[in-house]
Protein chains: 2
Amino acid sequence: MADIESATAQNLLKAFMQFRKTGWHEKKIGGYNPSEFKVLAAIQQGANEKNEEMKVSEISQRLQVTPPTVTQIINILEKDGLVERAVDPEDRRSVKIKLTQAGMEATARAKNRFTENFTGLIDYLGEEESEQLADLLDKVHHYFNEQSR
Amino acid sequence: MADIESATAQNLLKAFMQFRKTGWHEKKIGGYNPSEFKVLAAIQQGANEKNEEMKVSEISQRLQVTPPTVTQIINILEKDGLVERAVDPEDRRSVKIKLTQAGMEATARAKNRFTENFTGLIDYLGEEESEQLADLLDKVHHYFNEQSR
DNA sequence: CCTAATAGTTAGGTAACTTAATTATTTACA
DNA sequence: TGTAAATAATTAAGTTACCTAACTATTAGG
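Chain A appears in an unreviewed UniProt entry as MarR family transcriptional regulator from Neobacillus novalis.

What follows is the structure, encoded as structure tokens:
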């Protein structure tokens, strides 16, 4: 059993705490809150992948947040004219979310801004270490998922 | 320049997002909110290291949050009888925070609970990969700190 | 000695969530 | 076929973990 007082444990814990605060998850991304940006990006990606509009439940699943959370963020984006709701004629309980023209432009801009930072990180770490990091974080996620079952 | 659409970028981004949600940062740690637990642990550690009580400003620095945040958490802990305030006679502007007996016991219990999980992770990853992960996260932190200057 | 700096607190706000309850609608089956 | 159960989204209200700005008390510096 590893010892929490060991240098390794201390280092890893400190690294975790630092990382939470760290700026990859900025205050504003191209003018939008991170949560808004994530929803915009999810809508865009979903539309890209399936060539179809995203339902609230799909966004919720993709971002791993509850449906009310998505509803609220969509409300803001709709008020800002970035997004439109349309009842799905196939299943009138569902609501399809679509980016407006302004929304597509805003998303592209924000994504660009985000991309600069993020690809900069990968260049800084190097391809190999970036992959390593992704793998290790996956393992951590896997460990805690097991744990909670 | 790395490409945001590359597999590496996608993987790393996904890993980051997953990690944020991941349960190392649990909802409750031995019955306390993470923020409360962190303050308790900081007080304990500070007292351990310097054999002296922590000032609000020191806790604030250590946890990288503003003094009002610390004040508020201390208020809760004080109400719960885990912590006591005492004006520093050397500098009557300062307030020294001390764990009560109940506070020491609660902190020990919570820390134990936390430790189980965390050392389990290190065992799961192995010593070497744990160090690697800590290093990589440090690099990420370093990169974003540069960026924001 | 008095102005400026420092330590902490108070007041008020925000972002990003959550759960529980409610409203439409659709599905299943008796 | 009619109704009960399930599903999709929303509304309402609450929580956590922060923050900034303004205030109070105390100490330090010229």
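Anyway, onward from the coordinates.
Peer 1: Residue-level account of helix α3 (residues 56–63) of chain B, with values.
Peer 2: Looking only at α3(B), the buried set comprises B:Val56, B:Ile59, B:Ser60 and B:Leu63. Down the axis of α3(B), the smallest arc covering the buried residues is 100°, so these residues share one side. Lining the buried residues of α3(B) we find α1 (7–21) of chain A together with α2 (34–50), β1 (54–55), α4 (67–79) and β3 (95–99) of chain B. Taken from the residues just after α3(B), B:Gln64 is the one with a positive phi, measuring 60°.

Peer 1: A description of the pattern of salt bridges should follow, citing residues and the corresponding values.
Peer 2: All names here are of chain A. Taken as a whole, this structure holds 14 salt bridges over all chains when the rule is applied. Where Glu26 meets Arg113, a salt bridge forms, and the shortest distance between an N and an O atom there is 3.5 Å. In this pair, Glu26 sits in the loop between α1 and α2 (34–50) while Arg113 sits in helix α5 (residues 101–125), placing the two residues 87 residues apart along the sequence. A residue is classified by how much of its surface remains accessible, and Glu26, at 16% relative accessible area, is buried. The class of Arg113 is partly exposed, set by a relative accessible area of 35%. A salt bridge links Glu78 to Arg85; its shortest N-O distance comes to 3.4 Å.

Peer 1: Before we move on, could you go through the protein's contact with DNA strand D and cite the residues and values that matter?
Peer 2: Not every one of the 23 residues close to DNA strand D is listed here, only the nearest: A:Ser57, A:Thr71, A:Arg85, B:Ser35 and B:Thr66. Among atoms of DNA strand D positioned within 4 Å of the protein, sugar and phosphate together represent 72%. Note that a phosphate oxygen of DNA strand D is positioned 3.3 Å from one of the backbone N or O atoms of A:Val56. Taking A:Arg93, its side chain carries an N or O atom lying 3.0 Å from a base oxygen of DNA strand D. Taken together, the elements giving at least two residues each to the surface near DNA strand D come down to α3 (56–63) and α4 (67–79) of chain A together with α2 and α4 of chain B. Ranked by the residues each element gives to the surface near DNA strand D, the list is headed by α4(A), at four residues. Partitioning the surface near DNA strand D into residue classes produces seven nonpolar, nine polar and seven charged.

Peer 1: So what's going on with the nonpolar core? Which residues, and what values?
Peer 2: By size, the foremost hydrophobic cluster in this structure holds 80 residues, and its most contacted members are A:Phe16, A:Ile59, A:Leu133, B:Phe16, B:Ile59 and B:Leu133. If near-sequence neighbours (up to four positions away) are discounted, B:Ile59 is found in contact with B:Val39, B:Ala42, B:Ile43, B:Met54, B:Val70, B:Ile74 and B:Ile97.

Peer 1: How would you explain the packing of aromatic side chains if you had to name every residue and give the values?
Peer 2: A full pass over the atoms with the stated rule returns 13 aromatic pairs over all chains. Ring plane angle 45° and centroid distance 5.4 Å describe the contact between A:Phe37 and A:Phe114, whose orientation is recorded as tilted. With a gap of 77 residues between them, A:Phe37 in helix α2 and A:Phe114 in helix α5 connect regions that are remote in the sequence. For the pair formed by A:Phe37 and A:Phe114, the shared burial category is buried. Each member of the aromatic cluster is reached from another via a ring pair, and the members are A:Phe16, A:Phe19, A:Phe37, A:Phe114, A:Phe118, B:Phe16, B:Phe19, B:Phe37, B:Phe114 and B:Phe118.

How each quantity is defined
Residues numbered from 1 in each chain as written. Chains lettered and ligands numbered in written order. Predicted model: local features only at pLDDT ≥ 70, side-chain atom pairs only at ≥ 80, totals over all residues. Heavy atoms only, no water. Buried < 20%, exposed > 50% of the residue type's maximum accessible area, 1.4 Å probe, protein only. Helix = DSSP H or I, 4+ residues; strand = E, 2+ residues; numbered from the N terminus. Arc of directions from axis to C-beta. Contact = heavy atoms within 4.5 Å. Salt bridge = Lys/Arg side-chain N within 4 Å of Asp/Glu carboxyl O. Near = heavy atom within 4 Å. Polar contact = N/O pair within 3.5 Å; in protein donor to acceptor, adjacent residues only side chain to side chain. Nonpolar A, V, L, I, M, F, W, Y, C, P; charged D, E, K, R; others polar. Core = buried A, V, L, I, M, F, W, Y, C linked by side-chain atoms within 4.5 Å. Phe/Tyr/Trp six-rings, centres within 6.5 Å; stacked < 30°, edge-to-face > 60°.

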